[in-house]
Structures are given as C-alpha cells and as structure tokens.
Amino acid sequence: MNARALAVALFLGFCPLRSAPQTSTLPSILVKAGKLLDVRKGAYVENAGVWIAGQRIKEVGHFPEVQAHVPKNTKVIELGRATVLPGLIDCHTHLMARIPEGPDGYTLNLATKSQAFRALEGAYNARITLEAGFTSVRDVENEGAGYADVALRDAIEQALAEGPRMQVATRAIAAVGQYNPFGISPDLSDFPTGAQMVSGQEEARRAVREQIGHGADLIKVYADWLHPTLTVDEIRVVVEEAHKLGRKVAAHASTPEGVRNAVTAGVDSIEHGHRVDQQDLELMKAKGTFLVPTVGGIDASVERYSKEPETERRKEMQTYLGELLQSIQQAIQEAMRLGVKMALGYDAGSPERQGKNADEFVALTKRGMPPLEAIRAATLNAAELMNWQDRVGSIEAGKYADFIAVEGDPLSDIAVLRQVEFVMKGGTVVKDILPH
Ligand SMILES: [Zn+2]
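These figures come from a predicted structure and were not determined experimentally.

Trainee: Looking at this structure, I do not really get the overall build of the protein. What am I missing?
Mentor: The secondary structure content of the protein amounts to 14 helices and 17 strands. Taking 22 Å as the expected radius of gyration for a compact globule of 436 residues, we find that the protein reaches 22 Å, a close match to that expectation. Its C-alpha atoms give the protein principal-axis dimensions of roughly 70 × 60 × 45 Å. A burial count over the protein gives 47% of its 436 residues as buried. The contacts in the protein between residues at least 6 apart in sequence include a share of 68% that link residues at least 24 apart.

Set out below in structure tokens:
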C-alpha cells in the first residue's frame, strides 16, 4: 500500500490492507554464482550463494553455507562461471523520450506524437533498459509526456509492463522561454512544452505541488540552459516545497553560476555539471550534493559528428564537444579528489541511445574513474541518491533480489557490462542468455 492509500486508511477509518503472505509460503530460490561482487568491500566472493525468498534476499555467502539453510524444494539457479553484480541503477534517464537526432527533432517529437504513443514508447524503453541490466532508474523528466511516466512506473509496479523500478520527476520545472521547444511561433500559444514553465516563486511553488499531487517522486529543475535561468529564490522555493513532502530535487546545471545557484538553493543533485568549477565542487562537497556527470551522451555525439560529411558546422561542433569533454574530465577528477559523491547517469533520449546505459561506465572510466568506483556510482551511490539504500544497490539480506550476471571481469574490463547476460528483478528472471 502506498503512502497516500495509508493516509486514506488512517484519516477516513477505511482499511484496504490485505493480510501479508507468510514467509514460509514464499517461493524459495538459491542462486549459485562462480563469482559475486561485494560492491561495499570492493572484492569478489568466490563460489557464492544467494538465497531468495519471494522478492527479497534472505542470505548471501559461500554457497555450501547458504545451501545448508534453504528449505527443501528450493529451486536452484546455476550461473556457472559468470560474474554476478547488483542490479544496475541509472540516475539520469528519460524513458519517455525517443527524440529524433537533429535540430528540429524535439519540436517534431512534441508535434507528431500523442501522449498515448509516448507512453508506449516509454514501455519499450523501459524493457530494453531492464534487459541491459538496469533494474532501477531515476527518471529525471519526461520531455513533454504529461504524466505518462507516472503511468509507466505504476504499470511496471503492477506487472502490466516490464521495466526497472522507477522514480519519476514528471514534467520538470524551467524558466519561461528557457527550455525546449525553442523557436515556436508566438501565435501557437498552446503548443506543448518540454517542461512546466514558471516565472516567480509562487508559480514555482504551485508547479511542485501540482507535480507531486500527480505522482512525482522527485522534482527536476533547470537552473540553466546556455545561461543561468531560474533565480536562487525560485529554486529555493522548489526545494522547500519538495523537501517538505519528502521529495528530492535534481537540478540540471552546466554553467558555474547555474551550479552555484542550485547548490546554494539546496538541491540534492547536480545533473551534468559539465562546466562546474572548483568553488562549486567545494560547495557541493560541503553540502553533500551529488554530481551526476552524464558523459556518455557527449561521447556518442562526438562519434556521430565524426561520421558526418566534413562541413564548417561539423568542425565547429567537434571543437565545442572536444572542449566540453576536457572540462568534464577535469570536473570528474576534481570531484573524485574532493570526495564529492557521484552517481551514474547516461541521459539517453533518442532511439539510438535508449538501452545503451552501460556506455556510461566506459565513458566514466575513460575520464579516470576506476571501474569499481564507476560500479559503485551505479549501485551504492545511486541507491543513496534515490534514498533507496534499504532496498537496492547491493546484494545483501533484506534487499530486493535484483542482480545481473556477465561473462568476464568488470573490474579489469568495464566494457563487459555492455553485454549483460542474466537479469533478475525482485526474484524473477527477466533475461537469461548465459551459455548454460
Ligand atoms: Zn537529461
């Protein structure tokens, strides 16, 4: 029962509680893994066993010991020599977005697709993201899909669609005129927008209340675009309203001033932070603000431009992206040095990139992040950012039985995470292409 239903029960004297199933009747599974990564210790457990009762992990340890505790009739799943890791978490997804590449892609996406179609696109993206080994996502706005992300989250929870556990930000909040779509005729006053546009503190407050009322788990704000946009006071009101209702705030910010405004206002994470400076990072460290660097998308753009015919525009873009990547690399290294917490986010929004979330591991390690830290960014750290550290992010007793298996050793070759061969979510096998 969710929190809102609980409140109805408490205040209206109505109790829709059903009796919880008894532990003894839960289906029992024992997974045998050649090698299991303990992300907390940063070490492998050889010949590991994981006992699952229902959706949760009951015990983890050396196989013979765990095996001695499981009830009779426990189903055994053998994963051979594969390496088992916790289910991965992407903290910056846009599952409702399959926006065509190119300058008019965003506008066309809004103009040509119904909300119903957007929801179905979301369901497809959710499935391929899960199959890529990402069992939880923090979806940081739906790019003009109304509240379809709430519907998708709930449909997945009710097993009507297949996908990761989701936290959704719904519409996001941006300053009037400072987010997609740009260049729309002023005569088209009802043309849909990519975010909820506000001006002033009261509009910002109302937007947060509205979005949470319609099911947002977190709030996303745009602190800047090419320049700083929302004021510190506008962002502060967003943070105040969201925190009051137990929701975190993620801020898109890429310019040094945008980051500063957002962190000063008290947001919980900076998304991108591509041009974050030393002063910003020190402030983030002091306030415990997370950084979600999103590098893989820039690498993908560089690759895309390299395949285009040589033009002036291509040259300009390559120079711009090259400089941006240098700045990101500096930011990541400085954040690591200062101990700023980082979570992984791939920021896919196009048909080409949805489901390729693991590319972010490769992108992060290319900028000097050790493989174990990149894996922690997508497990322990991500769970902490989502405030879900009690349920996901590691293979430990009490948590959801969410895990994946790959061939090879991700600590020496992170790219093996691009080929996830086994996925279990909440005790259910959702993918298995391991050579048994
Ligand atoms: Zn994004």
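Trainee: Please explain the domain arrangement of the protein as it appears in this structure.
Mentor: Buried accessible area, meaning the area lost when the parts come together, often serves as the stated size of an interface. Taken domain by domain, the protein holds domain 1 (16-86 + 394-432) and domain 2 (88-357). For domain 1 versus domain 2, the separation of C-alpha centres amounts to 32 Å. Across the contact, 8 residues belong to domain 1 and 7 residues belong to domain 2. For the side of domain 1 that touches domain 2, the elements supplying multiple residues, two or more each, are strand 16 (422-425) and strand 17 (428-432). Of the residues that constitute the side of domain 1 that touches domain 2, the class distribution is 5 nonpolar, no polar and 3 charged.

Trainee: Looking at this structure, I do not really get the packing of helix 7 (residues 232-244) against helix 8 (residues 256-265). What am I missing?
Mentor: Between two packed helices, what matters for the description is the angle formed by their axes and the separation of those axes. Two elements in contact, helix 7 and helix 8, have axes whose closest approach is 8 Å; the angle formed by their N-to-C orientations is 40°. Classified by the interaxial angle, the pair formed by helix 7 and helix 8 is oblique. Note that helix 7 runs across helix 8; the crossing there is right-handed. Between helix 7 and helix 8, the contacting residues are Val232, Ile235, Arg236 and Val239 on the first element and Asn261, Ala262, Thr264 and Ala265 on the second. The residue makeup of the contact of helix 7 with helix 8, split by class, is 5 nonpolar, 2 polar and 1 charged.

Trainee: In this structure, what is going on with the nonpolar core? I would like to understand it.
Mentor: Val221 and Val238 are the most contacted members of the largest nonpolar core, which totals 121 residues. When residues are assigned to domains, this core turns out to be shared by domain 1 (16-86 + 394-432) and domain 2 (88-357), each giving three or more. For Val221, the contacting residues outside a window of four places in its chain are Ala172, Ile173, Leu230, Ile235, Val238, Val249 and Ala251.

Trainee: Help me understand unusual backbone geometry, please; the structure alone is not making it clear to me.
Mentor: Most of the time, phi is negative for any residue but glycine, and the peptide bond is trans. Between Asn180 and Pro181 the backbone carries a cis peptide bond, its omega angle lying at 0°. Backbone geometry places Asn73, a non-glycine residue, at a positive phi of 70°. Among the structural elements, Asn73 can be located in the loop between helix 2 (63-69) and strand 4 (75-78). A count of 7 C-beta atoms within 10 Å places Asn73 in the exposed class. With a phi close to 60°, Asp347 is a non-glycine residue in the positive phi region. Position of Asp347 among the secondary structure elements: in the loop between helix 11 (312-338) and helix 12 (359-366).

Trainee: Just to check I follow, could you spell out the environment of Phe134 for this structure?
Mentor: Position of Phe134 among the secondary structure elements: in strand 7 (residues 134-139). Residue classification places Phe134 among the buried positions, given that 30 C-beta atoms sit within 10 Å. For the pair Phe134 and Glu421, spaced 287 residues apart in the sequence, the C-alpha separation amounts to 12 Å. In this structure Phe134 touches Leu88, Ile89, Asp90, Thr129, Pro164 and Asn357, once residues within four positions along its chain are discounted.

Trainee: When you look at the sheet that holds strand 6 (residues 88-93) in this model, what are you seeing that I'm missing?
Mentor: Within a sheet, neighbouring strands are paired by backbone hydrogen bonds and run either parallel or antiparallel to one another. Strand order in this open sheet of 3 strands is 6-7-8, and the pairing throughout is parallel. Edge positions in the open sheet fall to strand 6 and strand 8 (165-168), since each of these has one partner strand only. Across this sheet, the average inter-strand angle for adjacent strands is 15°, counted without regard to direction. Two elements, strand 6 and strand 7, share 4 bridges in a ladder whose sense is parallel. Its bridge partner lying in strand 7, Leu88 is registered against Phe134. Sheet strands touched by helix 5 (residues 148-157): strand 7 and strand 8. Its angle to strand 8, the strand with the most contacts, is close to 155°.

Trainee: Looking at this structure, how should I read the confidence of the model for the protein?
Mentor: Interpreting fine coordinate detail is not advised for predicted regions of low pLDDT. Residue-level pLDDT values for the protein average 94, and 94% of them are 70 or greater. Taken together, the stretch residues 15-23 has pLDDT below 50 and engages in 7 contacts with residues farther than four places along the chain or on a different chain.

Trainee: Looking at this structure, how should I read helix 12?
Mentor: Owing to its 3.6 residues per turn, the α-helix brings residues three or four apart onto one side. Of the positions making up helix 12, those classed as buried are Asp359, Glu360, Phe361, Ala363 and Leu364. Against the buried residues of helix 12 lie helix 10 (296-306) and helix 13 (371-377). Of the residues flanking the end of helix 12, it is Gly368, one or two places downstream, whose phi is positive at about 100°.

Trainee: When you look at the environment of Ser327 in this model, what are you seeing that I'm missing?
Mentor: Tracing the backbone shows Ser327 in helix 11. Overall, Ser327 belongs to the partly exposed group, with 16 C-beta atoms counted inside 10 Å. For the pair Ser327 and Ile298, spaced 29 residues apart in sequence, the C-alpha separation works out to 12 Å. Ignoring any residue separated from it by four or fewer positions in sequence, one finds Ser327 in contact with His274 and Arg275.

Trainee: Hey, could you run me through helix 11 in this one?
Mentor: Spanning 27 residues, helix 11 covers 39 Å between terminal C-alpha atoms, matching the ideal 39 Å at 1.5 Å per step. Buried within helix 11 we find Ile328, Ala331, Ile332 and Ala335. Tucked inside the fold, the buried residues of helix 11 contact helix 9 (278-287), strand 14 (290-292) and helix 10. Downstream of helix 11 by a residue or two, Gly339 has a phi angle that is positive, lying close to 80°.

Parameters at a glance
- Residues numbered from 1 in each chain as written.
- Predicted model: local features only at pLDDT ≥ 70, side-chain atom pairs only at ≥ 80, totals over all residues.
- Helix = DSSP H or I, 4+ residues; strand = E, 2+ residues; numbered from the N terminus.
- Rg over C-alpha atoms; globule rule 2.2 N^0.38 Å.
- Buried ≥ 20, exposed ≤ 12 C-beta atoms within 10 Å, placed from the backbone.
- Contact = placed C-beta atoms within 7 Å.
- Domains from an automatic or database assignment.
- Nonpolar A, V, L, I, M, F, W, Y, C, P; charged D, E, K, R; others polar.
- Axes fitted to C-alpha atoms, helices over the stretch in contact; angles between N-to-C directions.
- Parallel < 35°, antiparallel > 145°, perpendicular 65-115°, else oblique.
- Left-handed = near helix turned anticlockwise from the far one by under 90°.
- Core = buried A, V, L, I, M, F, W, Y, C linked by C-beta atoms within 7 Å.
- Pairing = 2+ DSSP bridges.
- pLDDT = per-residue confidence, 0-100.
- Expected span 1.5 Å × (residues − 1).

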